[in-house]
Amino acid sequence: MTGLFVVTGNELDSVEKKLATSVSQGEDRTKELERLRGELQTAKNRLADTEQDLTGTRNDRDEQARQKRVIADCLNRLTTALDAAGRNDQSGFSRATQGMTTICNEAERYL
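Residues numbered from 1 in each chain as written. Predicted model: local features only at pLDDT ≥ 70, side-chain atom pairs only at ≥ 80, totals over all residues. Heavy atoms only, no water.

Q: How do you make sense of the overall build of the chain when you look at a structure like this?
A: When helices and strands are counted, the chain shows three helices and zero strands. Computed over its C-alpha atoms, the radius of gyration of the chain comes to 39 Å, more than 25% above the 13 Å expected for a compact globule of 111 residues. The dimensions of the chain, computed from C-alpha atoms along their principal axes, are 125 × 20 × 15 Å. Taken over 111 residues, the chain has a buried fraction of 10%. Computing the positive centroid from 17 side-chain charges and the negative centroid from 19, the chain places the two 5 Å apart. (Helix = DSSP H or I, 4+ residues; strand = E, 2+ residues; numbered from the N terminus. Rg over C-alpha atoms; globule rule 2.2 N^0.38 Å. Buried < 20%, exposed > 50% of the residue type's maximum accessible area, 1.4 Å probe, protein only. Lys, Arg positive; Asp, Glu negative; His and termini not counted. Charge placed at Lys NZ, Arg CZ, Asp CG, Glu CD.)

Q: Got a minute to help me understand the state of the cysteines in this structure?
A: A covalent bond between the sulfur atoms of two cysteines is referred to as a disulfide. If you walk through the whole model with that rule in mind, you get one disulfide. At a sulfur-sulfur separation of 2.0 Å, the disulfide partner of C74 is C104. The disulfide joining C74 to C104 has a torsion of about 105° about its S-S bond and is therefore right-handed. One end of the pair, C74, is in helix α1 (residues 2–86); the other, C104, is in helix α3 (residues 100–110), with 30 residues separating them in the sequence. Accessibility classification places C74 together with C104 in one group, the buried group. (Disulfide = S-S within 2.5 Å.)

Q: Where do I start with α3 in this structure?
A: Owing to its 3.6 residues per turn, the α-helix brings residues three or four apart onto one side. Here α3 has its buried residues at M100, I103, C104 and A107. Relative to the axis of α3, the buried residues are bounded by an arc of 90° and lie together on one face. Opposite its buried face, α3 presents the exposed residues T101, T102 and R109, each directed more than 90 degrees away. (Arc of directions from axis to C-beta.)

Q: Would you mind showing me how to read a nonpolar patch on the surface here?
A: Together, L75, L78 and L82 make up an exposed nonpolar region whose accessible area comes to about 280 Å². Tracing the sequence through the fold places L82 in helix α1. (Patch = residues over 30% accessible without salt bridge, like charges linked within 9 Å, V, L, I, M, F, W, Y side chains within 5 Å. Areas by Shrake-Rupley, 256 points an atom, 1.4 Å probe, with all protein chains shown as cover. Salt bridge = Lys/Arg side-chain N within 4 Å of Asp/Glu carboxyl O.)

Q: Can you help me understand the nonpolar core in this one?
A: The nonpolar side chains of a soluble globular protein tend to be buried with one another. In terms of nonpolar packing, the biggest core is built from seven residues, these being V70, I71, C74, M100, I103, C104 and A107. Elements supplying a minimum of two residues to this core: α1 and α3. In terms of residue count, the dominant contributor to this core is α3 (four residues). Beyond its immediate sequence surroundings of up to four residues, M100 is in contact with R77 and L78. (Core = buried A, V, L, I, M, F, W, Y, C linked by side-chain atoms within 4.5 Å. Contact = heavy atoms within 4.5 Å.)

Q: Sorry if this is basic, but what is going on with the environment of T101 here?
A: Mapped onto the elements, T101 comes out in helix α3. Accessibility expressed as a relative area gives 56% for T101, which makes it exposed. Spatially, the C-alpha atoms of T101 and T57 are 31 Å apart, while their sequence positions differ by 44 residues.

Q: Would you take a moment to explain the confidence of the model for the chain for this structure?
A: Close inspection of predicted coordinates is inappropriate for parts of the model with low pLDDT. Chain-level statistics for the chain give a pLDDT mean of 88 and a share of 90% at 70 or above. Across the chain, α3 holds the top mean pLDDT of 95, while α1 sits lowest at 87. Scored below 50 in pLDDT, residues 1–7 shows zero contacts in the model against residues more than four places distant or in partner chains. (pLDDT = per-residue confidence, 0-100.)

What follows is the structure, encoded as structure tokens:
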């Protein structure tokens, strides 16, 4: 009986040690998981900020492209009007200058 008690006691000690090790490893894994969740959230926040910055950059780029088109349209109309005036083409001059004031006033704001 004493032998059985010693063997059972040793097995119990071994199981307790294994259980304690497993619990400790579980706690370590839980801590690591929480750390990784925090890093993931930080990465998600950075990504959201980057996407917002990218959207703003795209909007700025689109606005600059629009402004360049307005300036180019004004210059094209002016060049066409000057060419028509140089040829004494009154109807060509009228067509070229039609709406030119509005477009060139807008273009002047961008220069």
